[in-house]
Amino acid sequence: MTISTPASATGLWAATAMIAAVVLCSTAGEVLTAAAMKSIGDLDAIRARSGLRGAIRAVLTCPLFFAGVSFLALAFFSLLFALNHLNLSLVAPASASLTLVTNAIAGKIFLKENVDRRRWTAAVLVCIGVYLLAH
Amino acid sequence: MAHERLLPRQYLILLMVAICAPLGDTCLSRGMTSLPAISLTHPATLIAAVFTPWIAFGIALLIGFFASYLTALSWADLTYVLPATAFGNVIVAFLARFWLREPISLERWAGIVLITLGVSFVAQGPSLTVRPAIERSATERLAPEKESFGKIAEPAVPVAQEQPR
């Protein structure tokens, strides 16, 4: 992994586009995976009914799950690509913290989750916190 | 199955999500930095790296993370699970402070406080968005015999009779 290239060597727009690609792919991956797991149902209940093998089969036979994992893999590779051009200390905290906010937005729009004021506050606090911690 | 309050077993799974991800990453990082530089022209060295103890342990932890993350998503909202995952960073910061004796800067303390505050905000609320229509159909699918109150009462009777024994 090359992290020696300074962020300033890459243009602001290119850096923004790279981080946006990581954030968007990982948000799509998380939302699709969450939708897949909700469509499968309570995994603990499935495991109690048909064992660990049954639970694994339930996950592996869900097409949405594979769509989610594909986007998560895409997010991983776009992270590697971004790390090749930008500093780790910029990419890691920026993508980790922004993903929290985009997930809250996507969770509300696509998963119809009840993102109330409490969850918005949490998303923003954790977003700033992760940035400060990882920076 | 919607739980306003999570079961202790479910909190344990959230804790697994929080701990396994950052610890797995740390193990991978430790394993990879101790190896000599790997070039893409020799991909075999990358495969050999998988079998070194730190990296193998890191991969095992990340598999554990993914399994518990999927389990958590099956009974809790994404916007509930993610802040819990972020709390793992706080755990790792404390591990680094007290186990590896790494100093924590003021900026990082501020981050720890903000994440902890955020997680406590989410934890006070419900873990799953309740949708009456879907909820009912899911319950019927899981327990089709519980269609009316009369039918629920029937199996309860023999159980009650067995109790005095």
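The residue numbers shown here count from 1 along each chain, following its written sequence. Chains and ligands are labelled by the order in which they are written, letters from A for the one and numbers from 1 for the other. Given that this is a predicted model, residues contribute local features only at a pLDDT of at least 70 and side-chain atom pairs are listed and counted only at 80 or more, while totals for whole chains, interfaces and linings are drawn from all residues.

Turning next to the overall build of chain A. Each helix is a run of DSSP H or I of at least 4 residues and each strand a run of E of at least 2, with the numbering of both proceeding from the N terminus. Broken down by element type, chain A carries 5 helices and 0 strands. In chain A, the succession of α and β elements from N to C terminus is α-α-α-α-α. Evaluated residue by residue, chain A yields a buried proportion of 41% over its 135 residues. Of the contacts formed within chain A by residues at least 6 apart in sequence, a portion of 76% connects residues at least 24 apart. Around each residue's C-beta, the other C-beta atoms within 10 Å are counted; 20 or more make the residue buried, 12 or fewer make it exposed, and counts in between make it partly exposed. All C-beta atoms are placed from the backbone. Throughout, a residue-residue contact means that the two C-beta atoms, derived from backbone geometry, are no farther apart than 7 Å.

A separate point is the overall build of chain B. Each helix and strand counted, chain B has 7 helices and 0 strands in total. Helices and strands in chain B line up, N terminus first, as α-α-α-α-α-α-α. Per-residue burial over chain B gives 30% buried out of 165 residues.

Further remarks concern the interface of chain A and chain B. The interface of chain A with chain B comprises 34 residues on the first partner and 31 residues on the second. Taken together, the elements giving at least two residues each to the side of chain A that touches chain B come down to α1 (12-40), α2 (43-60), α4 (88-109) and α5 (117-134) of chain A. For the side of chain A that touches chain B, the leading source of residues is α5 of chain A, giving 12 residues. Residue polarity follows a fixed list, in which Ala, Val, Leu, Ile, Met, Phe, Trp, Tyr, Cys and Pro are nonpolar, Asp, Glu, Lys and Arg are charged, and the others, Gly among them, are polar. In terms of residue class, the side of chain A that touches chain B is made up of 19 nonpolar, 8 polar and 7 charged.

Once that is clear, we can look at the nonpolar core. Residues Val126 of chain A together with Val17, Ala72, Leu73, Val81 and Ile115 of chain B are the most contacted members of the largest nonpolar core, which totals 72 residues. Per-element tally for this core: the top contributor is α1 of chain A, with 11 residues. In this structure, Val17 of chain B is in contact with Phe65, Ser68, Tyr69, Ala72, Val81, Ala84 and Thr85 of chain B, ignoring residues within four places of it in sequence. To form a nonpolar core, buried Ala, Val, Leu, Ile, Met, Phe, Trp, Tyr and Cys residues must be joined through C-beta atoms within 7 Å.

The general pattern is negative phi for most residues beyond glycine and trans for most peptide bonds. Residues and elements named next belong to chain A. Positive phi outside glycine occurs at Lys112, with the angle close to 55°. Within the secondary structure, Lys112 is located in the loop between α4 and α5. C-beta crowding within 10 Å serves as the criterion here: with 11 such atoms nearby, Lys112 is assigned to the exposed category.

Now for the environment of Pro63 of chain A. By secondary structure assignment, the location of Pro63 of chain A is in helix α3 (residues 63-85). When the C-alpha positions of Pro63 of chain A and Leu12 of chain A are compared, they lie 37 Å apart, and in sequence the two are 51 residues distant.

Before going further, it helps to examine α3 of chain A. Residues and elements named next belong to chain A. Compared with an ideal rise of 1.5 Å per residue, which puts 23 residues at 33 Å, α3 spans 34 Å between its outermost C-alpha atoms and is within 8% of the ideal. Within the span of α3, buried status applies to Phe65, Gly68, Phe71, Ala75, Ser78, Leu79 and Ala82. In this structure, the buried side of α3 is in contact with α1, α2 and α4. Here, expected helix span is obtained from the residue count minus one, scaled by 1.5 Å.

This brings us to the packing of α1 of chain A against α4 of chain A. Residues and elements named next belong to chain A. The interhelical angle for the contact between α1 and α4, taken along N-to-C directions, is 45°, at an axis separation of 9 Å. As judged from the angle between their axes, α1 and α4 are oblique. In the packing of α1 onto α4, the handedness of the crossing is right-handed. Contacts between α1 and α4 involve Ile19, Val22, Val23, Ser26, Thr27, Glu30 and Val31 from the first element and Val91, Ala94, Ser95, Leu98, Thr99, Thr102, Asn103, Ala106 and Gly107 from the second. Here the residues of the contact of α1 with α4 sort into 8 nonpolar, 7 polar and 1 charged. Working convention: axes come from line fits to C-alpha atoms, limited for helices to the stretch in contact. Angles between N-to-C directions cover 0 to 180 degrees. When describing relative orientation, an angle under 35 degrees is termed roughly parallel and one over 145 degrees roughly antiparallel, while 65 to 115 degrees is termed roughly perpendicular and anything else oblique. Throughout, a crossing is termed right-handed when the near helix is turned clockwise from the far one, and left-handed when it is turned anticlockwise from it by less than a right angle.

Residue and element names in this part refer to chain A. Along the chain, Ala123 turns up in helix α5. Take Ala123: there are 26 C-beta atoms within 10 Å of it, and that puts it in the buried class. For the pair formed by Ala123 and Lys112, sequence separation is 11 residues and the distance between their alpha carbons is 16 Å.

Attention shifts here to the confidence of the model for chain A. Low pLDDT means the predicted atomic positions in that stretch should not be read closely. As a per-residue measure, pLDDT tells how confident the predictor is, with possible values from 0 to 100. A residue-level look at chain A finds 93% of positions with pLDDT of 70 or above and a mean pLDDT of 87. A low-confidence stretch, residues 1-7 of chain A (pLDDT under 50), is modelled with 11 contacts involving residues beyond four sequence positions or located in other chains.

Turning to the packing of α5 of chain A against helix α4 (residues 78-98) of chain B, a few remarks are in order. At a closest axis distance of 10 Å, the pairing of α5 of chain A and α4 of chain B adopts a crossing angle of 30°. With respect to each other, α5 of chain A and α4 of chain B are oriented roughly parallel. At the point where α5 of chain A passes α4 of chain B, the crossing takes the left-handed sense. Taken together, the residues of α4 of chain B that come into contact with α5 of chain A (itself represented by Arg119, Ala122, Ala123, Val126, Val130 and Leu133 of chain A) are Thr79, Pro83, Ala86, Asn89 and Ala93 of chain B. Broken down by class, the residue content of the contact of α5 of chain A with α4 of chain B amounts to 8 nonpolar, 2 polar and 1 charged.

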